[in-house]
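Observations on the model geometry
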Amino acid sequence: MNWLLYQIFILVFHSVYSLSSFEEYNNLLTKLNATSIGKSSGNSPLHQIFLNTQYEDSNPNVAIICNVVGNEISSTSICLNLAMKKDTDLLNDILDNYNVFIIPVINVDGIQPAFTDVNKGTKNKDMVDVSHSFPNLRLNQEVDPGNFPPEIDAIMKFFEKVTFQQVLVIESMGTGVLYPLYFRSDDHEGTISNQVYRSIASTVIPEHSSIKKSGCMLSGLGESGMAQGADVLPGEGTLQDFVYLKHDALAFSLHLTCGPSYDDVDDDVYDLITHFIRLSDTGVKGRVVAPDNSGVAMAMVQVGDEVRYTSKEGYFWVPVVMGTYDIKIQQGDFNPILMSQVALTKRTTNLSDIVLGDITPPKDHEDYDTLTASLHSLQEQYPAITHLYSVGKSVKGRELWVMAIGIHPDEHVPGILEFKYVGNMHGNEVVGRSMLISLIRLLLSNYGQDSRITHLIKTTRIHIMPSMNPDGFEIADMTDATGILGRQNAHEVDLNRNFPSRFKDSDGSTTEPETQAVIDWLKKEQFVLSANLHGGALVANYPFDDSDSGGGYSACPDDALFRELALTYSRYHARMRAGDNCGEHFPKGITNGNAWYSVSGGMQDYNYVFEDCFEITLELGCDKYPEPSRLPDYWQENRQSLLEFLSAVHHGIGGFVVGEEGGEGVPGSVITVRGIDKSIKSSSEGEYMRLLTPGEYALRAEAGDLKSKWVTFNLPPGTHIKYNFTLYSDESKWNEPETYIYSAPEPDEDVVEIKPRITEKIVIIDEDDGDEVAGGLTFRITQHGDSTAPIGEAITVIVNGETTKRAEANEVEIPIMAPSTVEFTSVSYYKATKYVSGKEKETVEVHLHPLPTVMGYHSHEEMLDVFHTLLQSCPGIAKTQDIGTSVKGKLLRVLKLSAEFSHNEKNNDRYNQEIKLVGGIHGNEVIGRESLIQLATYMCKAYGNDDFITKLIHTTDIHFHPSMNPDGFEIADYDDPLKGRANANNVDLNRNFPDHWGTAKGSGQHDPVQPETEALMNYTTSHWFTTSISLHGGSLVACYPFDGTENHQPGYSKSPDDATFIYLAKSYASAHPRMWKGEELCDGDRFPDGISNGADWYSLYGGMQDWNYMTAKVFEITIEMGCRKYPRELDLLQAYRDHYPALLAHIANSKQGFYGNVTDTAGNPIRSVNISSEDLGIPIQSRPDGQYWRVAAPGSYAITFSAEGYQAHVHHVTVGKVNWRVLPEPLDIQLLYASGTDVDVRDAEVRGSRVKRYVIAGTVCVLIIAGALVFAAFRAKRKQQHQAANDIEARVLINSDSEDE
């Protein structure tokens, strides 16, 4: 009967029901089975309507919220009419796939008076504007129920109970689509979901006429019909901002009617609402499950920057636009998963179930029988990637189990490296044993799920021996305070004193069965890297463990490598890295073995000396046998370190040694590294792997009378260079030098086992109007200057910072949404950049500029010739200026690249920032000099066809001064580290500038100002530079002011703009492949993040960077470009390849901050305006044309603009990270004259003359218009005599007037 009454009700009211009273509203809620979710301040119930028959956890949740304000009755009518359609074709398939909740009105108190007077009802019973009373999370307002109006409390509780993917807020009084933020800290602040908001809205709006209704659109929307809320209806405390920021729901405001009446509602609005609902799962969706296939609740799923959490049954929906993303899944009870570079090429991509591997925290110490059973069970569970074997037996006959993990676990396959972990060598040191059992489970359960673990298993055969001394473990006792019981094997022999020593045999006893089993194992497998897990301390210990001269540091030939291997483990273990544990101090958590205490017959030295296996010893805790309850904490501490150390097996140079004839592998070949007194031998297949730290090395292979060439490698950090040596019998070939140029390998495309289901064609979509550009977008990639020449090597395509694909052919088609930035990188070419606006044709031409393959040193005359050539080849952007001469009369020439020389550039509209790049202040530090010559040449050629370079030159005047000290350069010598440093007067130019600290001993300020110094100071003060960079050599670091200290003592010398300088320095270091790591590259120097305060490194006075900052207001940093000041030409080439991206990044980052014009009320520029802030350092001044640029790190600042005769003006600005493609809008400031201040006479005269001209011009205009009107009236009167009707006469009057004009 109820169903029949409901159907009659639907037939009567159909879909055009318009509310006319509060009583009707309540009756309708009863018919629709609405339920209460709370009360209003007037004690009226707030209702929700759940449209579905039952809730499905696998469906996304959508909330439709109506009439937040109270008097928008048409909004409530729309919601109720939509609810009445739930059994119609409009909603049938919607309700099968989405859970839909409707709240007809939030301000129930307001809707009651609105039925009688639509102008009433905008506030609740307590006169509170409910629509702007939600917590403002942008101002960190606490979400504290009870402190808000009861309506707000009810809605907040509603959103706590259900996780919504989309919230649609239905509003009246205008049409359009708005999305968060409604309240923002500056005019440019957006959200990480902006692209998704615009993508969804631009898909829906063009198909529904109700949004772009003539005369009804909200003011400020523009043609697109959509905007961020703050651009149209800004306000604090909105529901839309709250549900987006607090609950991660995409919130759209759908303004659907011109007025408050339901008569203003188009029938189309219901199709529009359902269209939005269908797009609520835009992005990527799927399910996260446990190994038993049960759903995992509250797992964090991160796709790019978007983060969402799984539902009760493990379902997730993450809103992103099409593209390529890293997907991370994490939940506390499971191991995190990383899926690298997943391509999403459909609007909604449905991933297959993602299985989280057990995080495997050890719960107890497993005895021998339990361990044996566990290992067999794991092999049965993962037969494809495991091989359980025994290397021998203990004294008491227990198997020494090893679990091999890999894609070929039961045999060695050439090209796959061998690695091992050994635990429990001392039977009572049990933590390592438990860690290794957990590591086995971690690796196995995450294969095919986690990209990194999958890659390790595919490229490494991982051997894990949990217990080398099972007999000792069986008798060990947790209560043994002495830590002796079970340490030795059943023969009471310490196994870590039982191996052959480089100085003598073991401790005199026979080789134990456990020891012999490991020795035989080492001889069978060619292990590259290993770790031996112990307990009783907390430190990573490395060879040598003994010495022929007693105690003290005993360095092995690979000491630098072993230190790095030990640091690889300790830096990811917080307590170990701290260095103070168990009553001992180990800097950085590492120690040389013999420096700690001497051990003869130890396993790690045996591995290195006799078997070419690089092994370290890991002491994992003070307690050798801790309580089982503490094992999960140990696992959390060690898990990441175990994986990081395992990965280090791939850091070096490896391949095969082959013969000259036929290329067969040569077993037993000796591989030597020049300068390291430790060789290794190739395997029976001729295979080798030589672990090395990053740097330059020369290697050779030899076997008997056969030798290879010496080959020079430059090994980048974290890299496995694969190279095959060829042995020759011809001695003439032995000494032929060869240099290997590294190129990145092809990515392992099979690493990500979970493939998204993608079938849709590749298109490009214009984000502004949602139109699809015909066909796919194809990029044709060729060499610059020859459109027919192919690149000839793999190209990586990066879209909006995310690697999309590797291109082999000359043409590549890419899934993309406009606007986007597309970058093309390859080994032998500069990066090319294209900005896709959405208006491109089907094919876009990309021209790659070759990187130099050789670099030599230019003489001074040759450098001047290069500048002359650039003037001729780039006349529209290049200009040179001689700023002075050196002591010996050499021209100090500056090259300027600027679009101000281009006829196509409107110079009066440019905010032309000026920056300078200076090299060679020390004549013998030459990398900067040659790098600037190369960079200027490249930028000149790339202008006009590379969008990044073109944009930089359009917005920046870039001054290149490669050789500040040409006299010093002319006499500099590779073999003399000091020759040429000073100028021809033997003055160090970087100690010759005026110094704000005063003269310090040895500063060089006693010397007269040199011509080179004076020339640069004059040039600097005659321009308005904002940033500068000075290029040096001798280390690898980015330095920033101050270089000196007030008390002339060394130590950190903080400038007033310290944060900004740190930002600039880090921006440079992070763009360099090695500098940011801060490794000990040059004479033991180590700089965290690759940067250093000048005086904190060493103090100097009279330096150029401090003078630039304090005197010229120029933000200069100093870059030390390499360990060698005057490198050989081969090293020079690599240094340039390393630094040119960082130099370009510095030019782009010089725009970090804010800029604009300062004018008076008449629009006249004001010069020398003081621009200052308590939150920034030194004030700057506006230029004569009123322009200013202020460099500033990201942050919020209160800026004061002040000038004599004007009222000071304070403006709050938020500075974000610079975007080279879209600069922020200029901050133009207008200053008012100070009260009672006499206006400058010259300005008054100028304004007076302007007024006179305006009066004269206005008078002339009035006379001309009056004459025209009289003449038109005369002509009209004559025309009237020929017309029959007044309406025709009027039209003729207008036409004749137009014709005569």
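Every residue gets a number counted from 1 within its own chain, in the order that chain's sequence is written. In keeping with the model being predicted, local features are shown solely for residues with a pLDDT of at least 70 and side-chain atom pairs are shown and tallied solely at 80 or more, while totals for entire chains, interfaces and linings include all residues. The side-chain numbers reported here are obtained from all heavy atoms of the structure, hydrogens and water having been left aside.

We now examine the overall build of the protein chain. Only DSSP runs of H or I covering at least 4 residues are called helices, and only runs of E covering at least 2 are called strands; the numbering of each starts at the N terminus. Within the protein chain, the regular secondary structure consists of 31 helices and 61 strands. Per-residue accessibility, obtained with a 1.4 Å probe over protein chains only, is compared with the maximum for each type, and a residue is labelled buried under 20%, exposed over 50%, and partly exposed between these values. Put simply, the protein chain has 1301 residues, and 56% of those count as buried. A separation threshold of at least 6 residues defines the contact pool for the protein chain, and within that pool the share at least 24 residues apart is 72%. Working note: accessible area of the protein chain is about 53900 Å², and carbon and sulfur atoms make up 49% of it. Any two residues whose heavy atoms approach within 4.5 Å are treated as being in contact. In short, Shrake-Rupley with a 1.4 Å probe defines the accessible areas, and a residue's cover is counted only from the protein chains shown.

What follows concerns the pairing of strand 8 (residues 250-257). The buried count for strand 8 comes to eight of eight residues, which makes it a mostly enclosed element. Strand pairing requires that DSSP identify at least two bridges connecting the strands. Note: strand 5 (residues 166-171) against strand 8, six bridges, orientation parallel. The partner of Q166 across the bridge, within strand 8, is L250. Sheet analysis places strand 6 (residues 174-179) next to strand 8, joined by five bridges and oriented antiparallel. Along strand 8, the bridge assignment pairs T175 with L256.

Here the focus is the state of the cysteines. What counts as a disulfide here is a pair of cysteine sulfur atoms lying within 2.5 Å. By the definition in use, this model includes three disulfides. Paired by a disulfide, C582 and C622 hold their sulfur atoms 1.9 Å apart. Handedness of the C582-C622 disulfide follows from its S-S torsion of about -85°: it is left-handed. With C582 in the loop between strand 23 (580-581) and strand 24 (584-585) and C622 in the loop between strand 26 (614-621) and helix 20 (631-647), the pair connects residues that are 40 residues apart, well separated along the chain. With a relative accessible area of 31%, C582 lands in the partly exposed category.

So, about the sheet that holds strand 5. One open sheet holds the eight strands; their spatial order is 1-2-4-3-5-8-6-7, and the pairing between them is mixed. Here the strands that pair on one side only, and so sit at the sheet edges, are strand 1 (35-39) and strand 7 (226-228). Taking the axes of each pair of neighbouring strands and ignoring which way they run, one obtains an average angle of 25° across the sheet. Against the sheet, helix 7 (residues 194-204) makes contact with strand 6, strand 7 and strand 8, and its axis sits at roughly 35° relative to strand 8, the strand it touches most. For helices, the axis comes from a line fit to the C-alpha atoms of the stretch in contact; other axes are also lines fit to C-alpha atoms, and the angle between any two N-to-C directions lies between 0 and 180 degrees.

As a further point, take the environment of A701. By the secondary structure assignment, A701 is in strand 31 (residues 695-703). A701 gets classed as buried once you look at its relative accessible area, which sits at 0%. If near-sequence neighbours (up to four positions away) are discounted, A701 is found in contact with V657, V670, I671, L706, K707, S708, F725 and L727.

Quick look at the side chain of D241 now. As for its placement among the helices and strands, D241 is situated in helix 9 (residues 239-247). In this structure, D241 is in contact with P180, L181, Y182, F183 and K246, ignoring residues within four places of it in sequence.

Another aspect to go through is the packing of aromatic side chains. Only rings of Phe, Tyr and Trp enter the pairing, Trp through its six-membered ring, and a pair is recorded when the two centres are within 6.5 Å. The plane angle decides the type: under 30 degrees is stacked, over 60 is edge-to-face, the rest tilted. A complete count under the given rule lists 50 aromatic pairs for this structure. Residues Y723 and Y740 carry aromatic rings whose centres are separated by 5.6 Å and whose planes lie at 80° to one another, so their mutual orientation is edge-to-face. Of this pair, Y723 sits in the loop between strand 34 (720-722) and strand 35 (725-727) while Y740 sits in strand 36 (residues 738-740), and the two are 17 residues apart along the sequence. You can call Y723 buried: its relative accessible area is 12%. By the ring-pair criterion, three or more aromatic residues cluster together here, those being F50, F101, F158, F159 and F164.

Buried residues dominate strand 20 (residues 460-465), accounting for six of its six residues. Pairing of strand 18 (residues 399-405) with strand 20, which is carried by three bridges, proceeds in the antiparallel orientation. What sits directly across from M403, in strand 20, is I464. As judged from the six bridges shared by strand 19 (residues 417-423) and strand 20, these two strands associate in the parallel manner. In the sheet register, E418 faces strand 20, and the bridge partner there is R461.

Here the focus is the pattern of salt bridges. By definition here, a salt bridge exists when the distance from a side-chain nitrogen of Lys or Arg to a carboxyl oxygen of Asp or Glu is within 4 Å. Evaluation of the coordinates by the stated rule reveals 36 salt bridges. Of the charged contacts, one joins R461 and E525 as a salt bridge, the two residues approaching to 3.1 Å between their closest N and O atoms. Taken together, the positions of R461 in strand 20 and E525 in the loop between helix 15 (513-524) and strand 21 (527-534) put the pair 64 residues apart, joining distant regions of the chain. Neither residue differs from the other here; R461 and E525 are each classed as buried.

Now for the packing of helix 12 (residues 431-446) against helix 20. Between helix 12 and helix 20, the least distance of the axes is 10 Å, while the angle of their chain directions is 60°. For the crossing formed where helix 12 meets helix 20, the hand is right-handed. Along the contact surface, helix 12 presents V431, S434, M435, S438, L439, L442 and L443, while helix 20 presents L631, Y634, W635, N638, R639, L642 and L643. Counted by class, the contact of helix 12 with helix 20 contains 10 nonpolar, three polar and one charged residues. Two helices that cross are described as forming a left-handed crossing if the nearer one is turned anticlockwise from the farther one by less than a right angle, and a right-handed crossing if clockwise. Residue polarity is assigned by list, with Asp, Glu, Lys and Arg as charged and Ala, Val, Leu, Ile, Met, Phe, Trp, Tyr, Cys and Pro as nonpolar; anything else, Gly included, falls into the polar class.

Once that is clear, we can look at the environment of D558. Position of D558 relative to the elements: it lies in the loop between strand 22 (537-542) and helix 16 (559-570). Reaching out from D558, the side chain makes a polar contact with the side chain of Y608 at a distance of 2.7 Å. Two N or O atoms form a polar contact when they lie within 3.5 Å of each other; inside protein one atom must be a possible hydrogen donor and the other a possible acceptor, and for residues adjacent in sequence the pair counts only when both atoms belong to side chains.

What follows is about the confidence of the model for the protein chain. Averaged over every residue, the pLDDT of the protein chain is 83; residues scoring 70 or more account for 83%. Residue-level confidence of the predictor is what pLDDT reports, using numbers from 0 through 100. Per-element confidence in the protein chain is highest for strand 20, whose mean pLDDT is 98, and lowest for helix 31 (residues 1286-1300), whose mean pLDDT is 32. Between residues 1-15, whose pLDDT stays under 50, and residues either more than four places distant or in other chains, the model counts 19 contacts. Counted against residues more than four places away or in other chains, residues 1236-1257, with its pLDDT under 50, gives 10 contacts.

Moving on, we get to the sheet that holds strand 13 (residues 323-330). Strand order across the open sheet formed by four strands is 11-10-13-14, with antiparallel pairing between neighbours. Of all strands in the sheet, those with a lone pairing partner are strand 11 (306-309) and strand 14 (337-344), marking the two edges. Here the average twist between neighbouring strands, direction ignored, is 20°. Pairing of strand 10 (residues 300-303) with strand 13, which is carried by four bridges, proceeds in the antiparallel orientation. Within strand 13, the residue paired with Q302 across the bridge is K328.

Time to look at the packing of helix 21 (residues 860-873) against helix 22 (residues 927-942). Packed helix pairs are specified by the crossing angle of their axes together with the interaxial distance, meaning the distance between the axes. It is at 10 Å that the axes of helix 21 and helix 22 come closest, and there the two elements cross at 15°. In this view, helix 21 runs roughly parallel relative to helix 22, as classed from their interaxial angle. The hand of the helix 21/helix 22 crossing is left-handed. Residues H860, M863, V866, L870 and S873 of helix 21 form the contact with helix 22, whose participating residues are R929, I933, A936, T937 and C940. The residue makeup of the contact of helix 21 with helix 22, split by class, is six nonpolar, three polar and one charged. Just so you know how the angles are binned, under 35 degrees is roughly parallel, over 145 roughly antiparallel, 65 to 115 roughly perpendicular, and the rest oblique.

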